[in-house]
Amino acid sequence: MKVGQPMGDVDGCEDWLPVSPMREEVDKDYVGFATLPSQVHRKSVKKGFDFTLMVAGESGLGKSTLINSLFLTDLYKDRTVPDAQARIPQTLEIVKHAVDIEERGVKVKLTVIDTPGLGDAVNNEECWKPIAHYIDCQFEQYFRDESGLDRKNIQDGRVHCCLYVLSPFGHGLRPLDVAFLRAIHDKVNIVPVIGKADCLTLTEVQQKKEKIRQELEENGITIYEFPECDSDEDEEFKAQDAEMKRSIPFAVIGSSQVVRELKDKVFRGRQYPWGTVEVENSAHCDFLKLRNMLIQTHMQDLKDVTHEVHYENYRAQCIQSLTRTGARDRSSRAKLSRQSATELPLLPLTAETEKLIREKDEELRRMQEMLQRMKEQMLQSQVEQSDSL
């Protein structure tokens with residue numbers, strides 16, 4: 001029988017079970033703010049998540065295998081590898097692979113941006129420009145959508161992370177690596193990765209990591225910085241985060257091959273005459289650390305840094321250029337007003353140009369209104385201070 005429900009009719013009257021005073025007191029104190037996280041969780045799961053990952057680096061370093069290993073999918077079924085003759089000229093292209101992944105009811109729209117041909121030509125001068133241009137184009141498209149009238153269904157195509165795969169051979173960074181990273185380090189979160197790390201001994205891996213970190217700092221290249229752990233995080237998570245920071249750049253091995261060494265031991269790895277390398281063994285490589293960082297612990301932070309740092313920098317530059325353009329347009333209109341309208345040729349405007357002009361005028365109008373409100377607030381605060389004195 002529920003509390004507060006009638007027991008039955010006795011002499012035409014209904015008797016009710018008394019409500020506990022403690023329950024009544026708890027209900028008075030409980031407002032319901034504690035359910036807000038669950039509300040956000042339900043809404044987020046229903047909407048789904050999106051993540052855009054760019055993979056860059058020269059050919060033959062295992063980029064495709066690494067991506068398939070990270071997300072347990074096959075994004076490169078129809079891939080064809082060009083021969084040496086076809087790679088002589090610069091043939092860099094931007095290839096987009098999109099796949100919907102679902103795990104325990106959580107849906108993620110994963111977009112992988114591949115850059116085949118980077119650094120493969122004889123002359124690699126400014127071969128990174130198409131990649132930097134693609135990142136800027138995604139910022140520009142998001143800026144246009146955000147400034148438009150319909151802002152409910154904005155598609156976020158911005159690159160949230162760039163895995164740059166470094167060669168395990170040689171000493172440190174190559175000139176191409178330095179030039180490429182300098183060109184994009186202020187546009188995207190860079191996570192450096194040493195590919196095919198099974199070519200190196202453990203000592204060589206540590207030496208190469210130290211050399212790469214030193215050269216990144218010397219060349220002023222900024223990579224993704226892990227956020228500091230909150231004070232209320234448990235010690236295990238803090239230790240895991242510290243280990244990830246020490247492991248940059250991650251030395252990884254990728255494999256889609258399933259190895260059966262013993263009857264009860266099945267794992268993904270690579271078999272060699274001298275032994276077997278386990279992809280998901282932390283003693284063999286940093287694959288698990290990279291996957292945990294990308295997916296389990298820092299995926300949302302990568303998106304936040306993209307929106308709050310890289311995109312905001314691009315947006316500020318756009319607004320400054322629009323403001324300067326508007327000032328020049330007003331000055332030129334003042335000069336042209338002294339001329340006869342019949343002397344000015346009429347230039348046809350396309351629909352795209354008219355739309356862009358309207359968007360710029362709307363943005364300028366919003367900025368002027370915001371400046372006016374700020375001016376009024378400053379005047380009001382000055383008046384209040386003078387009254388108080």
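Residues numbered from 1 in each chain as written. Predicted model: local features only at pLDDT ≥ 70, side-chain atom pairs only at ≥ 80, totals over all residues. Heavy atoms only, no water.

Caption draft 1: Here's a closer look at helix H6 (residues 202-218). With 17 residues, H6 should reach 24 Å at 1.5 Å per residue; the first-to-last C-alpha distance of 25 Å fits that figure. The inward-facing, buried residues of H6 abut strand E6 (161-166), helix H5 (175-184), strand E7 (190-194), helix H7 (235-247) and strand E8 (250-251). One or two residues past the end of H6 sits glycine 220, with phi positive at roughly 65°. (Helix = DSSP H or I, 4+ residues; strand = E, 2+ residues; numbered from the N terminus. Expected span 1.5 Å × (residues − 1). Contact = heavy atoms within 4.5 Å.)

Caption draft 2: Representation of the confidence of the model for the chain in the model. Taken as a whole, the chain shows an average pLDDT of 77; of its residues, 78% reach a score of 70 or greater. Across residues 1-17, confidence stays below pLDDT 50; counting only partners more than four residues off in sequence or on other chains, it has 20 contacts. For the stretch residues 336-342, pLDDT sits under 50, and the model shows two contacts to residues farther than four places along the chain or on other chains. (pLDDT = per-residue confidence, 0-100.)

Caption draft 3: Representation of helix H2 (residues 36-47) within the structure. Look at H2: 17 Å from first C-alpha to last across twelve residues, which is about the 16 Å you get at 1.5 Å a residue. Where burial is concerned, little of H2 is hidden: zero out of the twelve residues are buried. Where H2 ends, the next residue or the one after it, glycine 48, has phi of about 90°, a positive value. (Buried < 20%, exposed > 50% of the residue type's maximum accessible area, 1.4 Å probe, protein only.)

Caption draft 4: Just the nonpolar core, in detail. Judged by nonpolar contacts, the single largest core of 69 residues is most densely connected at Leu70, Leu163, Phe180, Val191, Leu290 and Met293. Per element, the largest residue contribution to this core is seven residues, and it comes from helix H4 (residues 129-147). Setting aside its immediate chain neighbours within four residues, valine 191 contacts Cys161, Cys162, Leu163, Tyr164, Tyr224, Phe250, Leu290 and Met293. (Core = buried A, V, L, I, M, F, W, Y, C linked by side-chain atoms within 4.5 Å.)

Caption draft 5: Structural detail: the pattern of salt bridges. Taken as a whole, this structure holds 18 salt bridges when the rule is applied. The salt bridge involving arginine 270 is made with aspartate 198; its shortest N-O contact spans 4.0 Å. Of this pair, arginine 270 sits in strand E10 (residues 266-272) while aspartate 198 is found in the loop between E7 and H6, placing the two residues 72 residues apart along the sequence. Since its relative accessible area comes to 32%, arginine 270 is described here as partly exposed. Of the residues examined, aspartate 198 reaches a relative accessible area of 18% and is grouped as buried. Between lysine 245 and glutamate 228 there is a salt bridge, with the nearest N and O atoms lying 3.7 Å from each other. Placement of the pair is lysine 245 in helix H7 and glutamate 228 in the loop between H6 and H7, with a sequence separation of 17 residues. (Salt bridge = Lys/Arg side-chain N within 4 Å of Asp/Glu carboxyl O.)

Caption draft 6: Up close: the side chain of threonine 52. Its location among the elements puts threonine 52 in strand E3 (residues 49-56). Those residues within four positions of threonine 52 in sequence are excluded, and the remaining contacts are Thr111, Ile113, Asp156, Gly157, Arg158, Val159, His160 and Cys161.

Caption draft 7: Layout of the sheet that holds E10. Strands sit in the order E9-E10-E11 across an open sheet of three strands; the sheet is antiparallel. Only two strands of the sheet have a single neighbouring strand rather than two, namely strand E9 (258-260) and strand E11 (275-278). Strand after strand, the sheet turns through a mean of 70° between neighbouring axes, direction not considered. Here E10 runs beside E11; their pairing, made up of four bridges, is antiparallel. (Pairing = 2+ DSSP bridges. Axes fitted to C-alpha atoms, helices over the stretch in contact; angles between N-to-C directions.)

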